[in-house]
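Summary of the model geometry
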Amino acid sequence: MAGKHIKVLLVEDNPGDVFLLQEFLKEVTTVVVELIPVERLDEALNYLAKEIFDVILLDLSLPDSGGLETFVIAHHQAKATPIIVLTGIDDETLAIRAMQQGAQDYLVKGQVTGDLLVRSMRYAIERQRADDALRHSEERFRVALKNSPIFVYNQDRELRYTWVYNPPDEVTVEEILGKQDLDIIPVEDAQRLISIKRGVLTTGIGTREEVSITIKDITRYYDLTVEPLRNESQEVVGVTCASIDISEQQAALRDRKLAQEKIREQAALLDVTTDAICVRDLNNQIILWNKGAETLYGWQATEAWGKNASELLFDEPSPEIEAALLQVLSKGKWQGELTKLTKADKEILVASRWSLVCDEQGKPKSILTVDTDITEKKHLEAQLFRAQRLESIGTLASGIAHDLNNILTPILAGAQLLPLKFPDADERTRHLLEILEINAKRGADLVKQVLSFARGVEGKRISLQLKHLIVEVAKILKETFPKSIEISTDVPQDLWMVSGDSTQLHQVLMNLCVNARDAMANGGSLSISAENVLIDENYARMNLEAKEGLYTKITVFDTGVGIPKEILDRIFEPFFTTKDVGQGTGLGLSTVLGIIKSHGGFLEVYSELGSGTTFKVYLPAVGGMETFSPDEDLPPHRGHGELILVVDDEAAIQEITRTSLEDHNYKILVASDGIEAIALYAQNMEKISAVLMDIMLPSLDGLTAIRTLQKINPQVRIIASSGLMSDNKLSTVAAIGVNTFLSKPYTVNELLLSLQKILSEVK
């Protein structure tokens, strides 16, 4: 319909009424009405079959039809066209019935004006449009419900079904209408539904629940929404409900739970292994993190889940990681060695195996990583490789030295014979011959040093008391070294004897002391000390070169500049030196190592830049002195079930110390850093008898951890431990009240003695 044009079909058999209506409509100027009159119903029906009208004006009394039946026939033929009943019968009952059947209006002839008629037609057209829109919407809703698992229904306050749409397949609408839940479904399910619906009737507040309903031995699960049904006065007269069948989702959920349970069982098996197992998706996000990974890297599973693996375990991206990722995506697997970071920012070396995990369609979905900690293994391998490298260098040096010796022998002999052959040579010539002889001797000495490193220098072995050798060396040092270097010695009276060559061992001490002097250009302290030590299995496992037995240990400590970490492994190589040209041959320490090995001993070195260097020389003890094995007369140092907190970041030392103490009737708690140590101590303060604290710890250093423990409990008993401690740090440890210090590596007996000492102290 155009905005100002209405096409009307007038069904009226009275020409006078037709004329009157035409005149009324001419008076209306706001709209143009196209009026097509017919006298009979059958004529109207023919028109409706061929043309579209905006509205129908229908008289109920026609030659071929009368009464309400006339409207019913016309409405059935033209459901989409609004019909206004225009009749001379002023019957309110008839009007109501016509409106109930679908008439848009009921007008009485003689009461109609042009404006009233046009207004009625306009309202009828708009109402028809609204009805059509509503009907289309309801139809779409009906179709949507028909193809969905939603069961919709209304119930009155007695919870009888009053309207039902799209019921489950097990029942029909006729089986539900007028009945209650107890009439349809089992008692238990019905009581659950009744309880939910009565709650809504009482409170007037809707709710949503998941329910299960069994009908004809078929159990289904529904997502049930119940809302109050209100009348025009907003009184609650019942409930309106929508049930969505979620049986398939519930089945999928059960399957997923079973799968998750299976995964948890598999994860429990994964947690048994000590390897770190991690699964990450293709975006590198961690989705599985086992107990082994928690232990190795320090991150708990809840902390690791969802994190980017590279950001968590690597300091920065590397081409090696990118290459590994490309290979595992292209070939399905990769393996190699990687350096990763723990939560405490400690670097560890792992043997890493990557495997690509695919879904049922063969599409990649995640990467499985299995990491094995090989840090300690690599450390021991490095010791072995260093020994093998030095051995191979020694073999090479031995061959070179032999040839050099053959070359230097005639040169030295000639240099000594020429002055005798030419006694009248001038002074310049004699001076040149002296230079030749001196340098030939120097070359011969170098050859001797090379052979000392390569073959271990054979010499006459006698039982020696190193105390006398140390005193002699100290006397020489005090006379020859600058006064800015303070020299001290500490040698016990009952020092065990060794079997060795005094000249060679004198050379060892002098070489170490000269190196210490060169490291203290601006002065400092040099100390030489000796002590008896027992190397047991515990100690030997910490040092590859050590063997079980009795040793005499000589320690040479200086407060010099220290040795950089990157060259510490090379200092014993022949000809390697950091000194300027002409100031060192690089054979001093290699000769020292050769001599010590030829005596059956071993050497340890610790250095810290700016804090000095410590060389520890271990020589096997021999002899039959009464003081030889003093510990044999002492009772074994066993505990009485005391709880000891061991704090060390090295897993191997944790395990060795735990085993040693548990074998001697102690109970153990282990912490890997200062933060963990404080937490464990706070939880078990009343039970812990003593704390063995490594000073060099990640996250929170040992000194800070000790101070914190002392604040928690001023009476705490602490043994400090470290592989290298400068005088400043030893002083700091003593200053905070820790007087028991255990130097690494330590024997079981040393550990037990320290514990016995500290546990016997009166606080």
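All residue numbers here refer to positions counted from 1 along the written sequence of the relevant chain. Confidence filtering applies because this is a predicted model: local features only for residues at pLDDT of at least 70, side-chain atom pairs given and counted only at 80 or more, and all residues used for totals across whole chains, interfaces and linings. The basis for the side-chain values is all heavy atoms of the structure; hydrogens and waters are excluded.

Before going further, it helps to examine the overall build of the protein chain. Along its length, the protein chain carries 23 helices and 29 strands. Residue exposure (1.4 Å probe, protein chains only): buried if accessible area is under 20% of the type maximum, exposed if over 50%, otherwise partly exposed. In the protein chain, buried positions account for 43% of the 763 residues. The contacts in the protein chain between residues at least 6 apart in sequence include a share of 62% that link residues at least 24 apart. Counting every atom, the protein chain has about 41,500 Å² of accessible surface; 53% of that belongs to carbon and sulfur. Strands here are runs of E lasting at least two residues and helices are runs of H or I lasting at least four, both read from the DSSP assignment and numbered beginning at the N terminus. Contacts between residues were defined by any pair of non-hydrogen atoms, one from each residue, lying within 4.5 Å. Methods summary: accessible areas were calculated by the Shrake-Rupley approach with a probe of 1.4 Å, and residue burial reflects only the protein chains presented.

Attention now moves to the packing of helix α20 (residues 674-683) against helix α21 (residues 702-712). Convention adopted: a line fitted to C-alpha atoms gives each axis, helices being fitted over their contacting stretch, and angles between N-to-C directions are expressed from 0 to 180 degrees. One way to put it is that α20 packs onto α21 with a least axis distance of 10 Å and a crossing angle of 15 degrees. Taken together, the axes of α20 and α21 lie roughly parallel to each other. When you trace α20 past α21, the crossing you get is right-handed. Mapping the contact onto sequence places G674, A677, I678 and Y681 in α20 and A705, T708, L709 and I712 in α21. Class assignment for the residues of the contact of α20 with α21 results in six nonpolar, two polar and no charged. In this scheme, roughly parallel covers angles under 35 degrees and roughly antiparallel covers those over 145, while 65 to 115 is roughly perpendicular and the rest are oblique. It is the rotation of the near helix from the far one that decides the hand of a crossing: anticlockwise by less than a right angle makes it left-handed, clockwise makes it right-handed. Classification used: nonpolar for Ala, Val, Leu, Ile, Met, Phe, Trp, Tyr, Cys and Pro, charged for Asp, Glu, Lys and Arg, polar for all others including Gly.

Moving on, we come to the pattern of salt bridges. Salt bridge, as applied in this entry: a Lys or Arg side-chain nitrogen positioned within 4 Å of an Asp or Glu carboxyl oxygen. This model, assessed by the stated rule, comprises 20 salt bridges. Between R129 and E126 there is a salt bridge; the shortest N-O distance is 3.4 Å. Of the two residues, R129 and E126 both sit in helix α5 (residues 114-146), three residues apart, roughly one turn of that helix. The salt bridge involving K340 is made with D371; its shortest N-O contact spans 2.6 Å. Of this pair, K340 sits in strand β15 (residues 333-341) while D371 sits in strand β17 (residues 364-373), and the two are 31 residues apart along the sequence. The same class applies to K340 as to D371, namely buried. Bridged by salt links that share partners, the residues E12, D17, D59 and K109 form one connected network.

Below, the discussion takes up the pairing of strand β26 (residues 667-671). Of all five residues making up β26, four are buried, and the element is well covered by its neighbours. By the bridge criterion, five bridges tie strand β25 (residues 643-647) to β26 in an arrangement that is parallel. Each bridged residue has a counterpart across the sheet, and for L645 the counterpart in β26 is L669. Note on pairing: two strands pair once DSSP finds at least 2 bridges between them.

As a further point, take the nonpolar core. Among the buried residues, those of types Ala, Val, Leu, Ile, Met, Phe, Trp, Tyr and Cys that are joined through side-chain atoms within 4.5 Å form a nonpolar core. If you look at the biggest cluster of nonpolar residues, it comprises 40 residues, and the most contacted ones within it are L477 and L526. At the level of secondary structure, the elements contributing two or more residues to this core comprise α15 (466-480), β19 (485-490), α16 (502-518), β21 (524-535), β22 (549-558), α18 (588-598), β23 (602-608) and β24 (612-622). Considering every element that reaches this core, the biggest residue donor is α16, with seven residues.

This paragraph deals with the pairing of strand β9 (residues 161-165). Walk down a regular strand and you will see the side chains alternate between the two sheet faces. As judged from the four bridges shared by strand β8 (residues 150-156) and β9, these two strands associate in the antiparallel manner. Pairing of V152 across the sheet is with Y165, part of β9. Between the antiparallel neighbours β8 and β9 lie four residues, among them L159 with a positive phi of about 60 degrees.

With that settled, consider the sheet that holds strand β14 (residues 286-289). Taken together, five strands build an open sheet; the order of strands is β14-β13-β17-β16-β15 and the sheet is antiparallel. Edge positions in the sheet fall to β14 and β15, since each of these pairs with one other strand and no more. Pairwise comparison of adjacent strand axes, ignoring direction, gives a mean angle of 25 degrees for this sheet. Summarising the sheet, strand β13 (residues 276-281) and β14 pair through three bridges and their orientation is antiparallel.

Here is the rule: rings of Phe, Tyr and Trp (six-membered ring for Trp) pair when centre to centre is within 6.5 Å. Planes less than 30 degrees apart are stacked, more than 60 are edge-to-face, and the remainder are tilted. If you walk through the whole model with that rule in mind, you get nine aromatic pairs. A ring pair is formed by Y47 and F53, whose centres lie 6.2 Å apart and whose planes are at 75 degrees; its orientation type is edge-to-face. In this structure Y47 comes out as partly exposed when scored by relative accessible area, which is 28%. Overall, the relative accessible area of 3% leaves F53 in the buried class. Pairing W289 with Y297 gives two aromatic rings, centres 5.8 Å apart and planes at 40 degrees, and the pair type is tilted. Take W289 and Y297: they sit in the same class, and that class is buried. Among the aromatic side chains, those forming a connected cluster through ring pairs are F151, Y153 and Y161. The ring of F53 carries K7 above its face, with NZ or CZ at 5.0 Å from the centroid. Two conditions define a charge sitting above a ring: the NZ of Lys or the CZ of Arg must be within 6 Å of the ring centre, and it must be within 35 degrees of the ring normal. Directly above the ring of W354 sits R280, whose terminal nitrogen or CZ lies 4.3 Å from the centroid.

Glancing now at the environment of L697. Along the polypeptide, L697 turns up in the loop between β27 (688-694) and α21. We classify L697 as buried; its relative accessible area is 11%. In this structure, the C-alpha to C-alpha distance between L697 and V647, residues 50 residues apart in sequence, is 8.6 Å. Ignoring sequence-local partners within four residues, the contact set of L697 consists of V647, D648, D649, S672, D673, G674 and G702.

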